Structures are given as C-alpha cells and as structure tokens.
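# What the coordinates show
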Amino acid sequence: MSSAPLVRIFSDVANAELINSKTGAWVSQDMGSAEVNDKPYTGGMFAKDEHAVDVETTSMPVNEWKFIMDGEWHMIQNGERLVAKKGDVVFVPKGAAFTSLKNPFKAFFVTNRGPVVQVTKQD
C-alpha cells in the first residue's frame, strides 16, 4: 500500500451539512487544505471528452480541487476504484498517486499550479 496522500471525494456537496460560524454565515466541513507555495492559485473549467485516454499520475505535483458538474470521474488508487459523481467535490492532494480513467466528465477546478499553457486541439 502506498504512503502517498489519498484522493478524497465529498459527495453531494450542495446538500452538505452546514454549521453556523458567525451570525448569518454558514460553512461546511473542510474539503481539503493546502499550504501556499510560490505558484498562484487558479481555477477554471476542465473537461475530458470521448477521445480521452487513461492517465497515470505517480505523484500529483500540486493540490487540486474539482467540483464535478457533469458525468463521472473514475479513478484507481491503491487498487481501489473511486467514482466522483455530478455534485461531488474531489480533493487531490499534492503527492497523490492515482490513475484517471478515460471516461468523459466536466468539472470546475481550483489548483496552485499557475496559469494554463494553451495547446492546440488535435483533430
């Protein structure tokens, strides 16, 4: 069994229990935490389409959160299949090792890897 950090899935976050943190303000449980590094946090849309392939990550270089907006994100970690569904939040900590399977999905992400380098889409 790997000692790498584990991917965590928080199911159906729109219905997560909230606690009152101060008058008029409510928060959920923490959904991952990360130390700040020299790269700025960035966020945006992410999608895998029908042309995607399985991608093995031996050590995630940054912390990343994904909110699954459509489809399902299937992963394998330590021989266990993980499935994040529409409405789930996934926290992938820096150092996590997993295989992202090729199924299509769309997500909003936040990560501290800095800006995206644009690659021309191949037909």
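Rules behind the numbers
- Residues numbered from 1 in each chain as written.
- Predicted model: local features only at pLDDT ≥ 70, side-chain atom pairs only at ≥ 80, totals over all residues.
- Heavy atoms only, no water.
- Helix = DSSP H or I, 4+ residues; strand = E, 2+ residues; numbered from the N terminus.
- Buried < 20%, exposed > 50% of the residue type's maximum accessible area, 1.4 Å probe, protein only.
- Contact = heavy atoms within 4.5 Å.
- Areas by Shrake-Rupley, 256 points an atom, 1.4 Å probe, with all protein chains shown as cover.
- Salt bridge = Lys/Arg side-chain N within 4 Å of Asp/Glu carboxyl O.
- Core = buried A, V, L, I, M, F, W, Y, C linked by side-chain atoms within 4.5 Å.

### Brief notes about the overall build of the protein chain
The helix and strand inventory of the protein chain stands at zero helices and 10 strands. Each helix (α) and strand (β) of the protein chain, taken in turn from the N terminus, gives the series β-β-β-β-β-β-β-β-β-β. A burial count over the protein chain gives 33% of its 123 residues as buried. Contacts spanning at least 24 positions in sequence make up 75% of the contacts within the protein chain whose residues lie at least 6 apart. With the model as given, the accessible surface of the protein chain reaches about 8300 Å², and the carbon-plus-sulfur share is 54%.

### Description of the pattern of salt bridges
Scanning the entire structure with this criterion turns up one salt bridge. A salt bridge links Lys66 to Glu64, with the shortest nitrogen-to-oxygen separation between them at 2.4 Å. With respect to burial, Lys66 and Glu64 carry one shared label: buried.

### So, the nonpolar core
Formed by 14 residues in total, the largest nonpolar core has its most connected members in Val7, Ile68, Trp73, Met75, Val90, Val92 and Phe98. The dominant element in this core, judged by the number of residues it contributes, is strand E6 (residues 64-77), at three residues. Leave out the neighbours within four places in its chain, and Trp73 touches Lys66, Ile68, Leu82, Val83, Ala84, Val90, Val92, Phe98, Ser100, Asn103 and Phe105. In this structure, Phe10, Met31, Trp65 and Phe91 belong to the second largest nonpolar core, which totals six residues.

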